Amino acid sequence: MKCFVGLDVSSTKLDVCIMLSDTTTPFTASLSNDLTGASEIKKHILELNETYSFERIVIGMEATSLYSFHPAMFFNEDSQLKALNVEVMVEQPNKIKKYRETFEESKNDTIDAFYIADYFRIERFSPAFLKEEKYLALQHLTRTRLQLIEQLTRTKQHFIENIYYKCNTLSTEIKNENLTTSLWSSTMISLMTKDYTLDELATVPLKDLADFIQKLGRGRFKAPDKLAKAIQAAIRGSYRLPKLQQDSVNVILGLLAREIRNLEQMIKDIDKAIEDMVEVIPEYQCLTSIPGVGKVYAAGIIAEIGQIERFKDHPQVAKYAGLNWKQNQSGNANSQNTDLVKRGNRYLRYYLVEAANSVRRHDSEYQAFYKKKYQEVPKHQHKRAIVLTARKFVRLVDALLRNRQLYTPPRRLMEDK
C-alpha cells in the first residue's frame, strides 16, 4: 500500500487530502498553514503508517513560492518522516491544473487537495529532491538581486523619460557625437539634477563646461569637450517647459537619481553577500572556472539548480529554465518555426542567459556559435542568438556540475558524455 498526501497551500491554510493507492481517502481537512497544522498532518501520516506499513509515502503540493516554502521544508526535514523515507514533491502548478481540468468539476480548496493527491498517485511526475538549505539560503540573495536589477532598470527608464521632458534632444545629440555616455551616469545625473538651469549650462563657455564635466566624472571621460558640446547643442535645440512643469520634473529627477544611487549601492552590498556565501558551496568553482562567469552569475545558476542530481540530464535542466522549444509536428511534417516555451524558472533563465552572454565574449567557441546563430535570421538576431547560446551553455553547466570538474578547453572536455 502506498500513501499520497495532497496539499493545497495558501497563505493561511493547508487543505489536505491523504489518499491511499486504492483511492480511498482516510483523512481530509482544512488546517492552518503553521506549525500546528503541519504537525497535525504529520500525526495522521504516522498513525496511518502504523496501520498500513506503507511501502511509499509521497507528500505533494504545488509550487507557490513563499507559501509552500515552510510546509515543504517542515515535512522534508522532520526526523520521523525521514525515517520512513517520505518523499516531498513540489510540482509546477500548470501541470496539476491541466490534470484537474480533465475532470470538469467545480473548483474549491478541498477538491484541489484531492486532485493534487490523485496527481501524485498516478505517478506521472518526475521525482525531484528539494534543495538543500545552503542552496535555498543562496537563492534568497540571488533572487533578491535580480529583483533589484529589474527595479533599477525601471527606475532608469523613468529617469530617461523625465530627462526627455527637461531636454528632449539630449539623447539624440549624445548619439550624434558617437558618445557612449549613458543618461543615467553619475555625471549626467549630477548635471540634470543639480541647481543648474538649462540656460545657465548653455551659456557656460565650452571649455569651462568640459572641465566641469571632467571634474564630476573624476577624470574618466576621454572626450569631455565633445560631451559638453552635445549637451549645449541639446539645450539649444530642446523645448522649454513652463516654470511649474519644470519644477515638478526637477523634483522627480532628484528623487529618481537618489533611488538609482540607493539601488546601485544595494546591488553592490548583495553582490558582496553572495560572494561571501558562495564560498561554502564548492560547486561554484566549477562554473567560475569558465571564462566570463563570475561569482554572482555562478551563484545564481547554482542557487536555482541546487543539487544537479535533481535533474536526469541537461535537457531537463534546460526545460526547468524554460530554454526549450515547442514541437510543432503534424503527420510527417515538422515545423521549423517554433516558439520558446514561456514557462520555467525565470531566475535560472536570467542567470544562464546573462552568463552565456558574458562567456561568448571570452570564449572563441561560444563566440563563433553566437555569430553563426545571429546571421541565420534577419530579425531579432541578438535575442535569438543569445537564447540559443544559453541553451548550448546549459550542456556545459550540466557536465561540469555533474562531474564536479573545472572547465578545460573544448577539445579536452567531453561535454557530450
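Calculation rules
Residue indices begin from 1 for each chain and proceed along its sequence in written order. Two thresholds apply to this predicted model, a pLDDT of at least 70 for residue-level local features and 80 or more for giving and counting side-chain atom pairs, whereas whole-chain, interface and lining totals are computed over all residues. Neither water nor hydrogens contribute to the side-chain values; these are computed over all heavy atoms in the structure. To qualify as a helix, a DSSP run of H or I must reach at least 4 residues; to qualify as a strand, a run of E must reach at least 2; elements of each kind are numbered from the N terminus. Only C-alpha atoms enter the radius of gyration; for comparison, a globular chain is expected to reach 2.2 Å times N to the power 0.38, where N is the number of residues. Think of it in three bands: with a 1.4 Å probe and only protein chains considered, a residue is buried below 20% of the maximum accessible area for its type, exposed above 50%, and partly exposed in between. The contact definition used throughout considers only heavy atoms, calling two residues in contact when any of these lie within 4.5 Å. Methods summary: accessible areas were calculated by the Shrake-Rupley approach with a probe of 1.4 Å, and residue burial reflects only the protein chains presented. The positive count covers Lys and Arg only, the negative count covers Asp and Glu only, and His and the chain ends enter neither. To locate a charge, take NZ of a lysine, CZ of an arginine, CG of an aspartate or CD of a glutamate. Should a side-chain nitrogen of Lys or Arg be within 4 Å of a carboxyl oxygen of Asp or Glu, the pair is scored as a salt bridge. Any pair of cysteine sulfurs within 2.5 Å is marked as a disulfide. Expected span of a helix, by definition, is 1.5 Å for each gap between consecutive residues, and there is one gap fewer than residues. What fixes the domain bounds is an automatic or database domain assignment. Using protein atoms alone on a 1 Å grid, points that fit a 1.4 Å probe yet trap it form a cavity, whereas open point sets bounded by protein on both sides within 12 Å along at least five of seven lines form a pocket; residues with an atom within 4 Å of a point count as lining. Grid points are joined across faces, edges and corners, and a volume is the space filled by probe spheres set on the points. Any two strands with at least two DSSP bridges between them are considered paired.

Identification of the chain as Transposase, IS116/IS110/IS902 family protein from Streptococcus hyointestinalis is taken from an unreviewed UniProt entry.

J.: Go over the overall build of the chain, please, and point to the residues and values.
T.: In terms of regular secondary structure, the chain is built from 18 helices and 7 strands. On C-alpha atoms alone, the chain measures out to a radius of gyration of 28 Å, which is more than a quarter above the 22 Å that the 2.2 N^0.38 rule sets for 417 residues. Relative to its full complement of 417 residues, the chain shows a buried share of 45%. Considering only contacts within the chain whose residues lie at least 6 apart along the sequence, 65% involve residues at least 24 apart. For the chain, the computed accessible surface area is about 22800 Å², with 50% contributed by carbon and sulfur atoms. Here the chain carries 61 positive and 52 negative side-chain charges, and the mean point of each set is 8 Å from the other.

J.: An account of the pattern of salt bridges is needed here, citing residue identities and associated values.
T.: What the rule picks out here adds up to 22 salt bridges. Put simply, Glu 87 and Arg 56 hold a salt bridge, and the shortest N to O gap is 2.6 Å. Placement of Glu 87 in strand S5 (residues 87-91) and of Arg 56 in strand S4 (residues 56-62) is noted, with a sequence separation of 31 residues between them. The partly exposed category is assigned to Glu 87, whose relative accessible area is 22%. When its relative accessible area of 17% is taken as the criterion, Arg 56 is described as buried. Two residues, Glu 150 and Arg 346, come together in a salt bridge whose shortest N-O distance is 2.6 Å. With Glu 150 in helix H6 (residues 133-166) and Arg 346 in helix H16 (residues 346-362), this residue pair connects regions lying 196 residues apart in the sequence. Residue classification places Glu 150 among the partly exposed positions, given a relative accessible area of 26%. Connected through salt bridges with shared partners, the residues Lys 373, Glu 376 and Arg 384 form a single ionic network.

J.: Give a description of the state of the cysteines that names residues and reports values.
T.: Taken as a whole and judged by the stated rule, the model has 0 disulfides. Looking at the unpaired Cys 17, the closest cysteine sulfur is the one in Cys 3, lying at 9.7 Å.

J.: Explain helix H18 (residues 381-403) to me, and be specific about the residues and the numbers.
T.: Its 23 residues give H18 an end-to-end C-alpha distance of 33 Å, which sits within 8% of 33 Å, the value for a rise of 1.5 Å per residue. Looking one or two residues past H18, Arg 404 carries a phi angle of roughly 55°, positive in sign.

J.: Tell me what's going on with the domain arrangement of the chain, and back it up with residues and numbers.
T.: Domain parsing of the chain yields domain 1 (2-130), domain 2 (140-272) and domain 3 (282-328 + 337-403). If you average the C-alpha positions of domain 1 and of domain 3, the two centres end up 33 Å apart.

J.: How would you summarise helix H12 (residues 243-278) if you had to cite specific residues and measurements?
T.: Under the 1.5 Å per step criterion, the end-to-end length of H12 is 52 Å for 36 residues, consistent within 8% with the ideal 52 Å. What H12 keeps buried is the set Gln 246, Val 249, Leu 253, Leu 256, Ala 257, Ile 260, Leu 263, Ile 267, Ile 270, Asp 271, Ile 274 and Val 278. Buried-residue contacts for H12 involve H6, helix H8 (186-193), helix H13 (284-288) and helix H14 (295-305).

J.: I'd like a rundown of empty space enclosed by the protein, residues and numbers included.
T.: A complete count under the given rule lists 1 cavity of 30 Å³ or more for this structure. Here the largest cavity is characterised by a volume of approximately 40 Å³. As for the largest cavity, its lining consists of Tyr 135, Glu 283, Gly 306, Gln 307, Ile 308, Glu 309, Leu 401 and Arg 404.

J.: Help me get a handle on the pairing of strand S1 (residues 2-9), residues and values and all.
T.: Most of S1 is tucked away: 7 of the 8 residues are buried. As paired strands, S1 and strand S2 (residues 13-20) are joined by 7 bridges and run antiparallel to one another. Residue pairing for S2: Val 5 is matched across the bridge by Ile 18. Counting the residues in the hairpin turn of S1 and S2 gives 3 residues.

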